[in-house]
Amino acid sequence: MNDRTVPLIRCEDVKKRFGHKRVLRDVSFTVSAGEVLSLVGANGSGKTTLLRIVSGLDRPDEGEVWLGPVPLSSAAVGIRRYVGVVAHTPLLYDRLTGWENLGFYARLFDLVAPQKRIEHLLRTLDLWRWRDEAVRTYSRGMSQRLAIARALLHDPPVVILDEPDTGLDGDSIELLIEVVAQLRLRGRAILTTTHNLELADRWGDRVFELRSGHLHQLACPDRSTY
């Protein structure tokens, strides 16, 4: 049984500004093992900035973020292996096939005999039949699903999804919801953003709106209706 008292992400009093604009003001939250925290907010509200800070790609002006017991301010670069990130850009190589892309990232993560893991992800995300096709021939939704596979390849305990539903059709969104549900069951901590409040409600244990630099918790989702 997942221990939801264990925070795999802890964000305390994070502040960030760009010039005179304060983007994040004293942002604090935790995400425990087996929990999904959904963030919604208008464009420019700071969602992506916050996710970049949590994933170690940017630093706050003040405050601290912990991944497990490790504070990011003093963590080595290797802490990034603790996290899988789906960003606005898919970070894929267009001239490589889907299989080759995942094989390349498997080598970066020093995965031993990754073939079964790659096959599992390609099948799970309904990309197996296109595994030998160049990514430049993929649709936007297919590229997004491959980016999700890339983020999950090294089976990280923390998963950060920045608007992962972008470019996905209804069937692919349902597939993504199932993937998130399986990650919850396996004790992963998931931090995600979306513009779709209904989707945030469906997969989030807690839903927050980022507004004027502050987090505001929205009503808890009623999972009995799903």
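Now for a description of the structure that goes with this document. (Residues numbered from 1 in each chain as written. Predicted model: local features only at pLDDT ≥ 70, side-chain atom pairs only at ≥ 80, totals over all residues. Heavy atoms only, no water.)

## Focus on the overall build of the chain
1) Next: Of the regular secondary structure elements, the chain holds six helices and ten strands.
2) Next: Its C-alpha atoms give the chain a radius of gyration of 17 Å, within 12% of the compact-globule value 17 Å for 226 residues.
3) Next: With the C-alpha coordinates of the chain rotated into their principal frame, the extents come out at 45 × 45 × 40 Å.
4) Next: Taking all 226 residues of the chain together, the buried fraction comes to 48%.
5) Next: Accessible surface for the chain amounts to roughly 11,200 Å². Of this, 52% is attributable to carbon and sulfur atoms.
6) Next: Of the charged side chains in the chain, 31 are positive and 29 negative, and the gap between their average positions amounts to 4 Å. (Helix = DSSP H or I, 4+ residues; strand = E, 2+ residues; numbered from the N terminus. Rg over C-alpha atoms; globule rule 2.2 N^0.38 Å. Buried < 20%, exposed > 50% of the residue type's maximum accessible area, 1.4 Å probe, protein only. Areas by Shrake-Rupley, 256 points an atom, 1.4 Å probe, with all protein chains shown as cover. Lys, Arg positive; Asp, Glu negative; His and termini not counted. Charge placed at Lys NZ, Arg CZ, Asp CG, Glu CD.)

## Observations concerning unusual backbone geometry
1) Next: A positive phi angle is found at aspartate 110, which is not glycine, with a value near 55 degrees.
2) Next: Its location among the elements puts aspartate 110 in the loop between α2 (98-108) and α3 (115-124).
3) Next: Residue classification places aspartate 110 among the exposed residues on the basis of a relative accessible area of 57%.
4) Next: Unusually for a residue other than glycine, serine 212 sits at a positive phi of about 55 degrees.
5) Next: The topology assignment puts serine 212 in the loop between β9 (206-211) and β10 (214-217).

## Here we look at the side chain of threonine 194
1) Next: Inspection of the secondary structure puts threonine 194 in the loop between β8 (189-193) and α6 (197-203).
2) Next: Taking the relative accessible area as the measure of exposure, threonine 194 reaches 0% and is therefore buried.
3) Next: Those residues in contact with threonine 194 that sit more than four places away from it in its chain are Leu39, Val40, Gly41, Glu163, Asp165, Leu199 and Ala200. (Contact = heavy atoms within 4.5 Å.)

## Considerations on α3
1) Next: What α3 keeps buried is the set Ile118, Leu121 and Leu122. With its buried residues spanning 100 degrees around the axis, α3 presents them on a single face.
2) Next: Elements in contact with the buried residues of α3: α2 and α4 (140-152). (Arc of directions from axis to C-beta.)

## Examining the sheet that holds strand β7 (residues 158-162)
1) Next: Spatial ordering of the open sheet is given by β6-β7-β8-β3-β9-β10, a layout of six strands whose pairing is mixed. Both outer strands of the open sheet, β6 (83-86) and β10, are each paired with one neighbouring strand and no more. When the angles between neighbouring strand axes are averaged without regard to direction, this sheet yields 20 degrees.
2) Next: Where strand β3 (residues 36-40) meets β8, four bridges bridge the pair, whose relative direction is parallel. In the strand pairing of β8, valine 36 is matched with isoleucine 190.
3) Next: Contacts from helix α1 (residues 47-54) reach β3, β7, β8 and β9, with the element oriented near 155 degrees to β7. (Pairing = 2+ DSSP bridges. Axes fitted to C-alpha atoms, helices over the stretch in contact; angles between N-to-C directions.)

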